[in-house]
Structure formats: C-alpha cells, structure tokens
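Per-entry structural report
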Amino acid sequence: MPDAKVYRNFIGGEWVESVTRKTFENRNPADTRELLGHFQASNEEDVKRAVEAAAEAYKRWRLVPAPKRGEILYRVGQILVKSKEDWARQMTQEMGKILKETRGDIQEAIDMSYYMAGEGRRQFGVTTPSELPNKFMMSVRMPMGVSALITPWNFPMAIPSWKMMPALVCGNTVVFKPASYTPLSAYNLVKACEEAGVPKGVVNLVTGSGRGVGLPLMKSDAVKVVSFTGSTEVGRAVSEACAPTFKRSNMEMGGKNAQMVMDDARIDLAVEGALWGGFGTTGQRCTATSRVIVHKKVMKEFLDKFMARAKALKIGNGLNPSVEMGPLVCEDQLNTVMKYVEIGKKEAKLLCGGSPLKSGDFAHGYFHEPTIFAEVDPHATIAQEEIFGPVVSVIPCDSLEQAIQMNNDTIYGLSSSIYTQDVNRAFQAMRDAYTGIFYVNSSTIGAEVHLPFGGTNHTGNGHRESGTAALDVFSEWKAIYVDFSGKLQKAQIDDVTW
Ligand code: NAD
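Some remarks on the layout of surface pockets
- Here the largest pocket is characterised by a volume of approximately 1,200 Å³.
- Looking at the lining of the largest pocket, the elements that each hand over two or more residues are α6 (210-219), β10 (223-229), α7 (232-242) and α10 (331-347).
- At 5 residues, the largest contribution of residues to the lining of the largest pocket is made by α7.
- Volume-wise, the second largest pocket comes out at about 660 Å³.
- Along the walls of the second largest pocket sit 34 residues, with Glu-101, Trp-276, Gly-280, Arg-285 and Ile-445 positioned nearest its centre.
- When residues of the lining of the second largest pocket are traced back to their parent elements, those giving at least two are α3 (99-119), α4 (158-169) and α8 (267-279).
- The element best represented in the lining of the second largest pocket is α3, accounting for 8 residues.
- Tallied by class, residues from the lining of the second largest pocket come to 18 nonpolar, 6 polar and 10 charged.
- In terms of domain composition, the lining of the second largest pocket takes at least three residues from each of domain 1 (9-253 + 460-479) and domain 2 (257-440).

This is the structure:
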C-alpha cells in the first residue's frame, strides 16, 4: 500500500518531518498486510528541537493560571468523546485489542482529562500555624519544566493521558515519545490537544525507537522529569540514564499479578475474573492475571470451569464485535509467548491451548490460543517471569496465609486480588498483600483514574500515577513562610511567651 499516509512529528506547534528523512511502518497485527501509516524515525536532533520548543513554551505555560490550563484539558476530553469511536477502531487496527477494550482505553483518557481538568481548581497545598506570632506558612506546588513521557503500546492512549494530563495541569510542558507499535493513537491524542488549544510547544510528539529518541530524551539536561511506563528491563536502563542529572523519574514497570481463590469463593465469579484478567487484552496488561492461586479444596471445580470458558473464547480480528481476544501486538511478542509455553510444558501440566494459530483467518496475524497451565510450582519460571501474553499459571494452595505468601513471592508487586465470602479473610489479604493495587472479589484489572496506580518491588520506584498522586510526580513542593511581625523572628530560638 504505497499511498498509506505519512504522519509527522509535532514540534513547537508545527507538524514536521524528522531530520533523518526516514520513517517506519505501522501495521495491523491481526493482518500484517494492512499498512496503517508511516511514522517518523526520529533521532537525537529531533529530540533536541522538541526539548527546546518545550523549554521555550514552559516560560509562558507555567504562568497560565491552573484553572485555565484545566479548561483546555476539559476541551481535550470533549474532543476525545467526539472522536472515540473512530480512534478506538484505529487503535484496534494498530495494536489488536478488541474494540470494546480500545473504547475503554479512550474512555480512560477522557476520564483522566476531566479529572485533571478539575485539579486545575484544586492542587491543594496546606496552610499550617507557625510557632512564631505574626507569621504565615503554606506549601504550594510548583511545576518542574520539560517532562519526557515514554510509553508502551498496550494502552496507547490511556497511559499517555495518565502522564500528559497531570504534567500539563501542573504547568509543565511535554515531549512525548510513544511506543513504535502504537504511534497512531499517540498522534490522535496530540491532535486532540492541538484542536483543544494547547499552545504551541506545550505538547510535542517525537516518534521513533527507544535508543534513537527515548535515550537522548533521558540524557537531555533540559528535561526535568521523566515518566516511563514499560518493561522492568528497559526501566532499569532509563533509571540509569536519568541518574547522572538527578532527574525525577516515575517508573511504572512489569507485573506478575495473582488472583487468589479461597475455598469459600463463588467459583463462577472467580472464573469470570480469571478469564477477564488472564485473557483480556490477550494477556498484555501490566495488571494481567498471570497467576491464579487456588485453594486445593475447590481446585477441580475451578479448573473445569476455567478451562471450558477459555477454550470457548472467540479469537480473531478485534474489529469483529463477536471476537473476545485479539492477536499479540507483534511477532516478537508471539515468539516470547511461544518460548514460555515451551518452558511451561516442562514445568507444569498444560491444561489447554499451548499453540500459535497460523492458518485460515489467522494466517497473517500474531494469534495464540488462550493457554492454561495447572499444577504450577510457585517458583517455576512461568510463575515468576512476566510473559505478557494469554498464558495463565494455576498454582495450588492450602490456606489463605500460604496464598498470600505465594502472592508476594515475586520480584514484582503491581496488582493482586482475592475471591472469598469471608470479610475477615478479605481484610487480612488486603493488609498483607504487598502490591500497589488490590481487589476483593474482582479480577486483578480494572483500575479507575482517581486512585493511585502503580506497584511495589521491581514494578515501580515509589511513585504513583493517577489520582492526586500523579501531581506529586509532576510538581515540586515549595514551603513558603511569610513574616508580618516587622522584626527578625527566629524559629526554634525565640522564646515565645504570652
Ligand atoms: P518496553 O520497555 O519495551 O518499551 C516501553 C517504551 O520505552 C517504548 O516507548 C520504547 O520505545 C521505550 N524504550 C525502549 N528502550 C529505551 C531506552 N533505552 N531508553 C528510553 N526508552 C526506551 O515495553 P513495552 O513492550 O512497550 O510494554 C510492555 C511492558 O510495559 C510490560 O513489561 C508491562 O508490564 C509494562 N507496563 C507497565 C505498566 C504499569 O503501569 N506498571 C502499564 C503498562 C505496561
């Protein structure tokens, strides 16, 4: 398809070609014959220009009253509402997840735009009494400057919005480098910003590889804050690149999330949860349920029902409304899944699935069967490493305490859940699960934008996205003391008596 559209970078309010004059292709993983467009294969010179544009725009943007910045974000949300259906279809075409889920992805960006628009009129600090008379004290948030946003492909609009909206409402400017499998959704989000009236240079888009664009961004002295979502492996490299200049870095990385199913659980509900958590987005969610820890007393019933439901899932092109699971995003991801399935066959009992789908309607895509392993040892490779595909490991347990211990026993710590009817057990699990997100009688997926999102251990570095926690990523606290006594007062030294 030689006439596929060529998309450009957005720098300083202009749509421009990369200095490299090179592009890369965006193809449909459900049918790779479908070429969606060509995107700029940018390099460090493009990054430099984008950072300069963002630094220049920051001088004015930081002084725009936050409620006015919020109003622009509100308009972004309205544009996303208007374009939701078209852009959801494009998202399904570029990364494969089913239409219902891509609509949800854009809805999340809408929710975040509206939520952060409201923060334009909040961004609360504190006032607190001074220990000295005639002295006033408060803390206020101040913006930081140019923010670099580096995002993965699995939530092509939601995740960029988790970063962009709080960055903007706090008064920062942005250079956004999306994943190369999903540049079209990134382009659409930036288009929405342009149409909403985000001033020139405040949002900049530079497409290209991690090495060509991501790394130079991390190394730029003018970038003050980096918000990265991706794999733990790349996150480590990003952290190291940020360290010499002491950039604030917000790292959101991998997961190996577990759903615990107790012997008093409603099994049908737990099966629904495991199905949605394990195979939704073809298992390519950071919060995907890749482990299910099931009490031995209910193991047989759970496995019979879970396997029956997994086998019945309809796989195909996500634009087809009856399809329940789409392809993997790319060949590498399919190969990774196949590699882990081979490992799993040696480590555990393959219950269903286990093969790629290559014939008929699947011939030109990266499809794989929903796959369940049973009798998995909690320390097996498939129970410890992030697979990021439609593969679920079911691990037997004897008690709640053992389930929680298994739940916590990975290098990750993003999300977990418990199915039980016993409120005492639910609260014990809530307290003892060492994950940033926890669900009761629900799957490990389903976060909403107004609570903090992120994880412990190698999933994160202590920051959180979403909710007001996101403001802490994109602002610095300033403590302000105003002395109206008309004399020099000394804290901790003056003896104040009345
Ligand atoms: P990835 O780490 O391969 O890439 C993420 C981004 O980093 C991409 O834009 C990529 O181009 C860029 N990048 C690659 N090398 C770089 C470098 N050296 N310097 C700077 N940038 C670089 O991840 P992915 O395959 O796009 O996404 C899947 C991973 O993301 C999974 O591990 C998943 O768990 C994780 N994820 C985490 C969350 C979360 O919130 N915790 C959410 C979604 C996805």
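Now that the structure is up, let's keep going.
Examining a nonpolar patch on the surface
- Together, Val-423, Phe-427, Met-430 and Val-440 line one region of the surface with nonpolar side chains, adding up to about 360 Å² of accessible area.
- Top element by residues in the nonpolar patch is helix α13 (residues 423-432). It accounts for 3 residues.
- Inspection of the secondary structure assignment puts Val-440 in strand β20 (residues 437-440).

Observations concerning the domain arrangement of the protein
- You can read the domains of the protein as domain 1 (9-253 + 460-479) and domain 2 (257-440).
- Placing the centre of domain 1 and that of domain 2 at their C-alpha centroids yields a distance of 31 Å.
- In this complex, domain 1 contributes 22 residues to the contact, which on the side of domain 2 involves 25 residues.
- Between domain 1 and domain 2 lies a buried interface of about 2,000 Å² when both sides are counted; carbon and sulfur atoms form 62% of it.
- Between the two partners, domain 1 and domain 2, sit 1 salt bridge.
- Taken together, domain 1 and domain 2 are joined by 6 residue pairs in polar contact (both at pLDDT 80 or more).
- When residues in the side of domain 1 that touches domain 2 are grouped by element, the largest group, 4 residues, is from helix α2 (residues 66-95).
- For the side of domain 1 that touches domain 2, a count of residues per class yields 9 nonpolar, 7 polar and 6 charged.

Brief notes about the site of the ligand
- The environment of the ligand is made up of 26 residues, and the closest members are Thr-151, Ser-231, Met-253, Cys-286 and Glu-386.
- In the environment of the ligand, an oxygen atom lies 3.3 Å from a nitrogen or oxygen atom belonging to the backbone of Gly-230.
- With respect to the ligand, the side chain of Ser-231 contributes an N or O atom lying 2.7 Å from an oxygen atom.
- With the chains in place, 89% of the 850 Å² that the ligand exposes on its own is no longer accessible.
- Using a 2 Å cut-off from the grid points, one finds that the ligand occupies the largest pocket.

Examining the sheet that holds strand β6 (residues 135-143)
- Pairing within the open sheet is antiparallel, and its 3 strands lie in the order β5-β6-β21. Two strands lie at the open edges of the sheet, namely β5 (127-129) and β21 (475-483), each paired on one side alone. Across the sheet, the mean angle separating the axes of adjacent strands is 25 degrees when strand polarity is ignored.
- Direction of pairing for β6 relative to β21: antiparallel, over a ladder of 9 bridges. Looking across to β21, one finds that Met-142 is bridged to Glu-476.

Some remarks on the side chain of His-368
- One can find His-368 in strand β16 (residues 367-368).
- If we ignore the near neighbours within four places in the chain, the residues touching His-368 are Ile-315, Met-325, Leu-328, Leu-334, Val-337, Met-338, Val-341, Gly-354, Ser-355, Pro-356, Leu-357 and Pro-390.

Quick look at the packing of α2 against α3
- Across the interface, α2 lies against α3 with an axial gap of 8 Å and an inter-helix angle of 175 degrees. Judged by the angle between their axes, α2 and α3 are roughly antiparallel.

Focus on α8
- Here α8 contains 13 residues, and its C-alpha end-to-end distance of 18 Å stays within 8% of the 18 Å for a straight helix at 1.5 Å per residue.
- Residues Ile-267, Ala-270, Val-271, Gly-273, Ala-274, Leu-275, Gly-277, Gly-278 and Phe-279 constitute the buried set of α8.
- Buried residues along α8 sit against β12 (257-261), β13 (289-295), α9 (299-311), β17 (371-374), β18 (391-397) and β19 (415-419).
- Thr-281 sits one or two residues past α8 and shows a positive phi near 55 degrees.

Basis of the calculations
Within each chain, residue numbers correspond to sequence positions counted from 1 in written order. Totals for whole chains, interfaces and linings use all residues, but because this is a predicted model, local features are given only for residues with pLDDT of at least 70 and pairs of side-chain atoms are given and counted only at 80 or more. The side-chain figures draw on all heavy atoms in the structure; neither hydrogens nor water molecules are used. Cavities and pockets were defined on a 1 Å grid built over protein atoms only: a cavity is a set of grid points that admits a 1.4 Å probe from which the probe cannot escape, a pocket is an open set flanked by protein on both sides within 12 Å along at least five of seven lines, and lining residues are those with an atom within 4 Å of any such point. Grid points are joined across faces, edges and corners, and a volume is the space filled by probe spheres set on the points. A run of DSSP states H or I qualifies as a helix once it reaches four residues; a run of E qualifies as a strand once it reaches two. Both are numbered from the N-terminal end. Ten residues, namely Ala, Val, Leu, Ile, Met, Phe, Trp, Tyr, Cys and Pro, are considered nonpolar, four, namely Asp, Glu, Lys and Arg, are considered charged, and the remaining ones, Gly among them, are considered polar. How far each domain reaches was decided by an automatic or database domain assignment. Patches were defined on residues exceeding 30% relative accessible area and lacking a salt bridge, with like-charge contacts within 9 Å and nonpolar side-chain contacts (Val, Leu, Ile, Met, Phe, Trp, Tyr) within 5 Å. Only the protein chains shown count as cover for residues, with accessible areas throughout obtained via the Shrake-Rupley method and a probe of 1.4 Å. One speaks of a salt bridge when a side-chain nitrogen belonging to Lys or Arg is within 4 Å of a carboxyl oxygen belonging to Asp or Glu. The contact criterion used throughout is that any non-hydrogen atoms of two residues lie within 4.5 Å. Buried area is understood as the total, over both parts, of accessible area removed when two parts are fitted together, assessed with a 1.4 Å probe. Two N or O atoms count as a polar contact when they lie within 3.5 Å, although within protein this holds only if one can serve as hydrogen donor and the other as acceptor, and sequence-adjacent residues are included solely when both atoms are side-chain atoms. The cutoff for a nearby residue is simple: one of its non-hydrogen atoms must lie within 4 Å of the molecule or strand. Those molecules having more than half of their atoms within 2 Å of a cavity or pocket grid point set are described as sitting in that cavity or pocket. In this scheme, strands are said to pair when DSSP sees at least two bridges between them. The axes used here are C-alpha line fits, helices contributing only the stretch in contact, and every angle between their N-to-C directions lies in the interval 0 to 180 degrees. Angle categories are assigned with fixed cut-offs, so that under 35 degrees is roughly parallel, over 145 is roughly antiparallel, 65 to 115 is roughly perpendicular, and the rest are oblique. The span expected for a helix works out to 1.5 Å for each residue beyond the first. Partly exposed describes any residue whose relative accessible area lies between the buried limit of under 20% and the exposed limit of over 50%, with all areas from a 1.4 Å probe on protein chains only and scaled to the type maximum.

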